[in-house]
Structures are given as structure tokens and as C-alpha cells.
Amino acid sequence: MNESSETVVIKPNNDTDTSAVEETVVNEIGKRSLDKSEDVCENNHKICKIDNGNDANQSTSLSKRQLKKIQKQQIWMEKKAKRKELNKEKKEEKKKWKAQMRESGVEVPKVKTNKMADSTCKQRIVLDMSFDDLMSDKDLCKCSNQILRCYGLNRRMDNPMQLYICSYEGKIRETMAKHNGSEFWDIKYLEDSFDKVFQKEEIVYLTSDSMNVLESLDDNKVYIIGGLVDHNSCKGASLKIANDLGVAHARLPIDENINMQTRKILTINHVFEIISKVVSGISWKEALISTLPKRKMFSVLDEEDLLEYNNCTIDNKSKLEIECPEAEKNENLIEENVLLDN
């Protein structure tokens, strides 16, 4: 059996053990038995071996950035049990509070949710999950969290859109199973790919690499959002699928409404939220401004006065008043409410 291994020595910080930790990353076809000094790291395929000796020469092989990242991960793992206990206490306190409210005769308000079957909106949105082989386990978890946010946004709309998840199998299905009750969400899960479910003339694949601009939404069209979290490492993957299948493709009108100082790659839930707002009657510009987080560092161009408003804040407001809401906080609230309701 052939093995290729890479040895990394971690320089400890003040919060960790003073002994050096030697990680041996083993890529192997089969399996081998572990020594007593070895242990399998959680959530990845690494074998960690404890070494009591310090080797200053090997520690220099790691950059400061790598050392900082590894030390941060160690601290996170050390505090994992404490975080778990703290979350458990918070849930118990919330249950007690609800019980006290009911005993005192006060009705505990429930988050208003609506079902797709009762909605007058027939706009179809599909999350294409055919990219799971291109994502790491960490990115798959991020992808599932973004799906959760899309679900939370959709069911809180007055008239939810018709949300589909296609190619729902393999790794992404296993990852989604970690969200308790996800199989009962008001989402249409389909194992088939979107091109086998919908007619080609109906499909419009949304991708930032397209030269076509999506100026308006059509109820008769099916808009596909690529379910890919890749940090721009798989550039052009969505466009390639659209071209290979011979279906229409388009990009959101970002350049036509705002000037972004960062790359124009948006998360799955941001694209979904922007479309949901446009479906509800909000303009593209307002939808983009109210959805994109401030870290995107964008500016807005007033079409009438041709004034550029840096970072969405205006010192001397004219005809058009634009302010940036706290979009990031809204995302956290949505995710928290979804977890509580389930």
C-alpha cells in the first residue's frame, strides 16, 4: 500500500498545551491501525500524532498565517463543549420563559409563516445542487446553511415563491440531514436535474459570468440558482452547465444599479432574497441595496442627479434618499427563527 504523507508541526500558543502537536496528513487507499499516541481528528480525514519534543526548525516551515489558522482551530475545538452547554442552557431558559408566559395567561406569539400551496405567487425558483463534488465538507455545510436562509425567507413572504431543490442526492442530501426536520420543510425536493423536470424554453440559469442582463422577472420562466460555495475557485461552472444544456442564462442587473468594489459573486441566499423582493414589487436598486451587506463596499448612482453615494450613506440627501439597513443582522434573525420554529 502506497501512502503520501505531509508532516506539520504546530507551534503552541499560551492557551494550549506546551508540547508540540505533529499532524500527519495521510492520503491512503486502505486503512491502517492507529498507535496509542494517535487519534483521529473530528470532521476531517486527518490522523493526529502527539510528539513531546519541540522542533523549531520544522515549525518555521509554516507561515504565520497557517500557524494562526491552526491555533484558532485548536482554541475553537477546546471551547466546543462549553459552547454546547451554553446553547443548551439558552434553550432551557427559553422553554421556561414560554411556560411561565402560558401559565400567566399570556399567549406566546408565533412567527407568521405561509405555505407555497396557498400562495398566489407562482414564480418558480430552483436551487441546482449538482455541484456537491466541487465542494469541500466545510463548503457543503455553508451551502446547507444558505439553503436554510432561503427557506426562512420564502415562508415569511406574504406570498411565497415556488421553491425547488433539484439534484437533491449524494453529499448535499447527507449534509442537509443535519438540520433536524429539513425533510418536512415546505420545499419541493427533486432528485432529478432541473433540465429533466422543466422545459428548456422555460429555464433561465442565473450566473454572474453571463453577458445577458436580467431586466425583469417572468412568471412563465424558471430561474435557476447554482448551489455552489466555492470562493470563486470554480469560475464559470454555472455558465458552462447552461451552455452545455443549451438553456438561456442571465446575470442580475448589479452593474446597472450599483457600483461594487468587490467581486460580484453573491451567496445563494442573497440572490434568492433579491429576487424575492423584486417579485414583491421592489425595484432592483432597492432590492440590491437592502440585501447586500456593507462589507461589499458598494456605491449607488442617482439616475436623476448623477450623484455617487459612497457606501450607501448620503451626507447631503437630494431627491433620492438611500440608507443601508443592517442586512447581516436580518440574516442572523432569519436563521435563529427557523431553528426555533423547528
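Residues numbered from 1 in each chain as written. Predicted model: local features only at pLDDT ≥ 70, side-chain atom pairs only at ≥ 80, totals over all residues. Heavy atoms only, no water.

Engineer: So what exactly am I meant to see when it comes to the overall build of the chain here?
Structural biologist: Within the chain, the secondary structure is distributed over 10 helices and 13 strands. Taking contacts inside the chain between residues at least 6 apart in sequence as the whole, the part at least 24 apart equals 67%. In the form shown here, the chain has an accessible surface area of approximately 21400 Å², with 48% of it arising from carbon and sulfur atoms. (Helix = DSSP H or I, 4+ residues; strand = E, 2+ residues; numbered from the N terminus. Contact = heavy atoms within 4.5 Å. Areas by Shrake-Rupley, 256 points an atom, 1.4 Å probe, with all protein chains shown as cover.)

Engineer: Please explain the environment of Cys150 as it appears in this structure.
Structural biologist: Along the polypeptide, Cys150 turns up in helix H4 (residues 137-155). Since its relative accessible area comes to 0%, Cys150 is described here as buried. Put simply, Cys150 and Ile268 are 118 residues apart on the chain and 7.8 Å apart in space, counted from C-alpha to C-alpha. (Buried < 20%, exposed > 50% of the residue type's maximum accessible area, 1.4 Å probe, protein only.)

Engineer: Explain a negative patch on the surface to me, please; I cannot follow it from the model alone.
Structural biologist: On the surface, a cluster of negative charge is contributed by Glu85, Glu89, Glu92 and Glu93. Tracing the backbone shows Glu89 in helix H3 (residues 80-103). (Patch = residues over 30% accessible without salt bridge, like charges linked within 9 Å, V, L, I, M, F, W, Y side chains within 5 Å. Salt bridge = Lys/Arg side-chain N within 4 Å of Asp/Glu carboxyl O. Lys, Arg positive; Asp, Glu negative; His and termini not counted. Charge placed at Lys NZ, Arg CZ, Asp CG, Glu CD.)

Engineer: I'm lost on a positive patch on the surface in this one. Help?
Structural biologist: On the surface, a cluster of positive charge is contributed by Arg65, Lys68, Lys69, Lys72, Lys138 and Lys142. When contributions to the positive patch are tallied by element, the ones reaching two or more residues are helix H2 (64-78) and H4. With four residues, H2 is the largest single contributor of residues to the positive patch. By the secondary structure assignment, Lys142 is in helix H4. Residue Lys142 is classed as partly exposed on the basis of its relative accessible area, which comes to 32%.

Engineer: In this structure, what is going on with unusual backbone geometry? I would like to understand it.
Structural biologist: Most peptide bonds are trans, and most residues other than glycine sit at a negative phi. The backbone phi angle of Ser167 is positive, close to 55°, even though this residue is not glycine. Position of Ser167 relative to the elements: it lies in the loop between strand E6 (162-166) and helix H5 (171-176). Residue Ser167 is classed as buried on the basis of its relative accessible area, which comes to 10%.

Engineer: Sorry, what's going on with the packing of aromatic side chains here?
Structural biologist: For any pair of aromatic rings, the description consists of the separation of the ring centres together with the inter-plane angle of the planes. As enumerated under the stated definition, the model contains four aromatic pairs in all. An angle of 5° between the planes, with centres 4.6 Å apart, marks the rings of Tyr151 and Trp185 as stacked. Of the two residues, Tyr151 is situated in helix H4 and Trp185 in the loop between H5 and strand E7 (188-189); the sequence distance between them amounts to 34 residues. Take Tyr151: its relative accessible area is 6%, and that puts it in the buried class. Judged by centre distance (5.5 Å) and plane angle (70°), the ring pair of Phe194 and Tyr205 falls under edge-to-face. On the criterion of sequence distance, the pair formed by Phe194 in helix H6 (residues 194-197) and Tyr205 in strand E8 (residues 203-206) is long-range, its members being 11 residues apart. Each member of the pair, Phe194 as well as Tyr205, carries the same accessibility label: buried. (Phe/Tyr/Trp six-rings, centres within 6.5 Å; stacked < 30°, edge-to-face > 60°.)

Engineer: I would appreciate a short explanation of the environment of His270 in the present structure.
Structural biologist: Structurally, His270 is set in helix H8 (residues 268-279). Placed 121 residues apart in sequence, His270 and Arg149 show a C-alpha to C-alpha distance of 9.2 Å. A distance of 3.0 Å separates a polar atom in the side chain of His270 from a polar atom in the side chain of Thr267. (Polar contact = N/O pair within 3.5 Å; in protein donor to acceptor, adjacent residues only side chain to side chain.)

Engineer: Mind showing me how you'd approach the side chain of Asp128 here?
Structural biologist: Position of Asp128 relative to the elements: it lies in strand E5 (residues 124-128). For the buried residue Asp128, which engages in no salt bridge, the nearest side chain bearing the opposite charge is Lys196, 12 Å off. Within polar-contact distance, the side chain of Asp128 engages the side chain of Ser130 at 3.0 Å.

Engineer: What am I meant to see in the confidence of the model for the chain here?
Structural biologist: Detailed reading of the predicted coordinates is not advisable wherever pLDDT is low. Mean pLDDT over the chain works out to 75, with 66% of the residues at or above the 70 mark. Scored below 50 in pLDDT, residues 1-59 makes 89 contacts in the model with residues more than four places away or belonging to other chains. Note that residues 304-329 has pLDDT below 50 and, in this model, 52 contacts with residues that lie over four places away or in other chains. (pLDDT = per-residue confidence, 0-100.)

Engineer: Help me understand the pattern of salt bridges in this model?
Structural biologist: Opposite charge on two side chains allows them to pair when their charged atoms are near. Tallied over the entire structure, the rule returns five salt bridges. Two residues, Asp244 and Lys240, come together in a salt bridge whose shortest N-O distance is 2.9 Å. Here Asp244 pairs with Lys240, and both are found in helix H7 (residues 237-245), just four residues apart, close to one helical turn. Lys240 shares its class with Asp244; the two are exposed. The salt bridge partner of Lys277 is Glu273, with a shortest N-O separation of 3.1 Å. Taken together, the residues Lys277 and Glu273, both in helix H8 and four residues apart, mark about one turn of the helix. Each member of the pair Lys277 and Glu273 is classed as buried.

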